[in-house]
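Coordinate inspection notes
What follows is the residue order along each chain.
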Amino acid sequence: MPDIIQLLPDSVANQIAAGEVVQRPASAVKELVENAIDAGADTIRVIVKDAGKTLIQVVDNGKGMSAMDARMCFERHATSKIKKSEDLFHILTKGFRGEALASIAAIAQVELKTRQSQDELGTQVEIEGSKFKSSEPISCPAGTSFSIKNLFFNVPARRYFLKSDGIELKHIMDEVQRVALTHPDIEFSLHHNGAELFSFVKTNLRQRIVHVLGARYNEKLVPVSEETDIVGVSGFIGKPDASRKTRGEQFFFVNNRFIKNAYLHHAVMSAYEQILPDGHFPLYLIYLDIDPDLIDINIHPTKTEIKFQDERAIYAILHAAIKRALGKNNITPSLDFSQDPSIAITTPLTHQEIKVPEIKVNPDYNPFGESSKRESLAQRWGGERAGNSKGWAELLEISKMVSPQEEHVATLSGTSDLFELEEGIQPIQLHRKYIFFAEENGLILVDQQRAHRRVLFERYLLLMERGKGSVQQLLFPEEIELSPADIHLIKEMEGDIQSLGFEISWPSATSLEIRGVPTEANISDVGGWIESFLELFKNEAHSSTVGLREKTAWAMASGTSIRYGQMLTTPEMQELLERLSQCKQPQVIPSGKPVYLRISLNELAQQFK
Ligand code: ADP
Ligand code: MG
């Protein structure tokens, strides 16, 4: 047998390494920005096109490279940052593995322009799929500019697996913000398709955090500071009212490097025990300073995971530091959080609870049926809906649009799954949570919150399609400071929320002004509402593949619906059931969970056997 083992060509080895280092455009951004920081830059500009799929350019004013280094830097294991293996235990730079540029150059078209300040001329190098194209002297500003074009151009499978521009851009923003949060003395800016997404001026750490997270966080930060022999703990944690139901505002930095660590996260969470309502996550930005000898950052190619020599001690110190910071600020478990602090919304139905209920039927309301005048529910369910096969075709269409699970449910359930509310039968509220009523062959239990959300969801979708929700002008327009990431998110859905009846303007790059709100939604605390809306939206964002419009409508519906614990009068329940009966798909909410349950007389009889 001949020998069959051979060394892989460098270009192939680099492509394999790239699989680990560069998962998506954001990973390339991270590597380039870190190189710029290691080069001593104090201004770093990131310019991307099509969420980095077409172009990623990082421009710095750091020390630049010589003509020789400008070629060398693309070689595998080429680094200026360590020389011998002992150096691995004293890493003070962001990079050290010398593989980022080699990896990126293996899977993209790269153009490098660089000049050291003492040189008159700089160097331009072009490389594509690990092949050198050219290297020549040029005149250019001092510092370095890397342009990465057509990432994954030669690895179509990787390109194919990239997510939508919105998601990839969010990853890029996250990466730039993470480094910005550790280097307040460096100016960062991010541009996408010609528009500036953010720009952070040089400042102190607290101000930088406020610039990144949004000005409304300024009063919500509590400083943490603890010095021990093993580790220094500093940074900020959030007051309880800055907590969220979604993760995403939790940051650990070890020696100024962003890391993920579930164990340390637990240390923080347990310090907040009984201070936060269930299911809430505190905001924190914790900076750990530790002797590089006592950690190993070389366990993961992207370096977001590290090993501590004595993780238990760090856990204990961190836990104590957070407890102390909370105590110093009189944040103790005695506070009452029975009310959900992040959501303060009044709904039309809440108002009706105070006033004597007066049920008006909006003749414009039923968008799906011909007639929307009151008729007996039995008539509608029995006649117009149950026997209407076109209704079911439509329903299946909608279900495809909404979610795969929902389609599943819709296909499984036949028309028999619809309920009938016979005339004269009074619904009863159970535990301020369910609405109960009898039907011919059994009984039905409706989840009041889900029912109202389903109703509102379909209503909002319709308004978005038609684009004519009526606006209630605010007497005092409200300006709200938001993080650049949140501003970006709202801009993306601006058209849709405008068609619901919001009137929005953009007084500055970090704020939005609400001048009018949808008449239907009856939102009183606009600022609080936007915050909880964003949170609800993010909650939904990862859960399914539904489109932006559905997500927006669902977040709106969730934010404005009645809730558990809310008392409903009989006319209110009747109104809600009627509205539900007019829905295209009353049985489920978009996640596929049921809105109501039916128990047949047969099933009941079985139970009594
Ligand atoms: P590492 O950062 O691990 O050393 P890289 O592949 O990221 O490996 O970079 C290789 C080398 O190229 C660096 O060690 C550095 O000397 C040089 N380099 C990369 N980017 C820059 C930059 N923006 N300015 C100056 N030198 C740079
Ligand atoms: Mg590097």
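In this text the structure is predicted, and so the values were computed from the model without any measurement.

Bringing the packing of aromatic side chains into the picture now. Centre-to-centre distance and the angle between the planes together describe a pair of aromatic rings. Under the defined criterion, the tally for this structure stands at eleven aromatic pairs. Taking 6.2 Å as the distance between ring centres and 65° as the angle between the ring planes, the aromatic pair formed by F251 and F258 counts as edge-to-face. With a relative accessible area of 10%, F251 lands in the buried category. A centroid spacing of 4.8 Å and a plane angle of 40° characterise the contact between Y263 and Y315, whose relative ring orientation is tilted.

Of all residues adjacent to ligand 1, which total 20 residues, the nearest are N35, T79, S80, K81 and G98. At 2.8 Å, a side-chain N or O of N35 approaches an oxygen atom of ligand 1. Secondary structure elements with two or more residues in the shell around ligand 1: α2 (25-38), α4 (100-106) and β6 (143-149).

This part takes up the pairing of strand β10 (residues 231-238). Side chains on a regular strand alternate between the two faces of the sheet. Burial within β10 is extensive, with seven of its eight residues counted as buried. Note that strand β9 (residues 221-227) and β10 share seven bridges and pair antiparallel. When the bridges of β10 are listed, P223 appears paired with F236. In this structure, β10 lies alongside strand β13 (residues 284-290), joined through seven bridges in antiparallel fashion. Looking at the pairing, G235 lines up with I286 of β13.

This paragraph deals with the pattern of salt bridges. Under the criterion given, the structure shown has 21 salt bridges. Notably, a salt bridge pairs K202 with D42, separated by 2.7 Å at the nearest N-O pair. One end of the pair, K202, is in the loop between β8 (195-200) and α7 (205-213); the other, D42, is in the loop between α2 and β1 (43-49), with 160 residues separating them in the sequence. E111 is paired through a salt bridge with K113; the nearest N and O atoms lie 3.9 Å apart. Judged by relative accessible area, K113 falls into the partly exposed class, the value being 31%. One salt-bridge network, held together by shared partners, links R216, K220, R244, D486 and E531.

It is worth spelling out helix α6 (residues 165-180) at this point. If you check α6, its first and last C-alpha atoms are 22 Å apart, about what 16 residues at 1.5 Å a residue would give, namely 22 Å. Restricting attention to buried positions, one finds in α6 the residues E168, L169, I172, M173, E175, V176, Q177, R178, V179 and A180.

This paragraph deals with the side chain of S243. In this fold, S243 is placed in the loop between β10 and β11 (250-254). Since its relative accessible area comes to 2%, S243 is described here as buried. In terms of polar contacts, S243 uses its side chain to reach the backbone carbonyl oxygen of P240, at 2.9 Å. One polar contact links S243 to H280, side chain to side chain, over a distance of 3.0 Å.

Here is what the cut-offs are and how they apply
- Residues numbered from 1 in each chain as written.
- Chains lettered and ligands numbered in written order.
- Predicted model: local features only at pLDDT ≥ 70, side-chain atom pairs only at ≥ 80, totals over all residues.
- Heavy atoms only, no water.
- Phe/Tyr/Trp six-rings, centres within 6.5 Å; stacked < 30°, edge-to-face > 60°.
- Buried < 20%, exposed > 50% of the residue type's maximum accessible area, 1.4 Å probe, protein only.
- Near = heavy atom within 4 Å.
- Polar contact = N/O pair within 3.5 Å; in protein donor to acceptor, adjacent residues only side chain to side chain.
- Helix = DSSP H or I, 4+ residues; strand = E, 2+ residues; numbered from the N terminus.
- Pairing = 2+ DSSP bridges.
- Salt bridge = Lys/Arg side-chain N within 4 Å of Asp/Glu carboxyl O.
- Expected span 1.5 Å × (residues − 1).

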